[in-house]
Amino acid sequence: MLREEGIADLPAGFPAEGDLFAAGMDSMAVMQLIVVAEERFGAVIGPEDAGRENLGTPADLAALIGRRLAS
């Protein structure tokens, strides 16, 4: 999704636990990521969710989306 949407230029096989910020994701990309996640999955992601603990890795992002969809 990150590559498809042009949010991050990640190499093929980027690991689920790979650091998105070390791979070049910046604050503008975080905003894009939140918009895309909300549109694609219907998960409401608030400003309090926009930190490294929730968006630092693809696995963190997937877990956040899962939590938001479950609530």
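The text that follows walks through the structure, step by step, so that each part is easy to find. Only a predicted model underlies this, so the values are computations on that prediction, with no experimental measurement involved.

1. Concerning the side chain of Thr57
Right, on to step 1. Within the secondary structure layout, Thr57 lies in the loop between helix H2 (52-55) and helix H3 (58-70).
Right, on to step 2. Since its relative accessible area comes to 9%, Thr57 is described here as buried.
Right, on to step 3. Residues contacting Thr57, with those up to four places away along its chain left out, are Ala16, Glu17, Gly18, Asp19 and Leu20.

2. Some words on the environment of Thr57
Right, on to step 1. When the C-alpha positions of Thr57 and Asp19 are compared, they lie 5.1 Å apart, and in sequence the two are 38 residues distant.
Right, on to step 2. Within the local environment of Thr57, its side chain forms a polar contact with the backbone nitrogen of Asp60, the two atoms lying 2.9 Å apart.

3. Topic: the nonpolar core
Soluble globular proteins tend to pack their nonpolar side chains together in the buried interior.
Right, on to step 1. Counting 19 residues, the largest nonpolar core has Leu2, Ile7, Met25, Val30, Leu33, Ile45 and Leu55 as its most contacted members.
Right, on to step 2. Taken together, the elements giving at least two residues each to this core come down to helix H1 (27-41) and H3.
Right, on to step 3. Broken down by element, the residue count for this core peaks at six residues, all from H1.
Right, on to step 4. Contact partners of Leu2, with chain neighbours within four places excluded, come to Ile7, Ala8, Leu10, Leu20 and Leu33.

Each value, and the rule that gives it
- Residues numbered from 1 in each chain as written.
- Predicted model: local features only at pLDDT ≥ 70, side-chain atom pairs only at ≥ 80, totals over all residues.
- Heavy atoms only, no water.
- Helix = DSSP H or I, 4+ residues; strand = E, 2+ residues; numbered from the N terminus.
- Buried < 20%, exposed > 50% of the residue type's maximum accessible area, 1.4 Å probe, protein only.
- Contact = heavy atoms within 4.5 Å.
- Polar contact = N/O pair within 3.5 Å; in protein donor to acceptor, adjacent residues only side chain to side chain.
- Core = buried A, V, L, I, M, F, W, Y, C linked by side-chain atoms within 4.5 Å.

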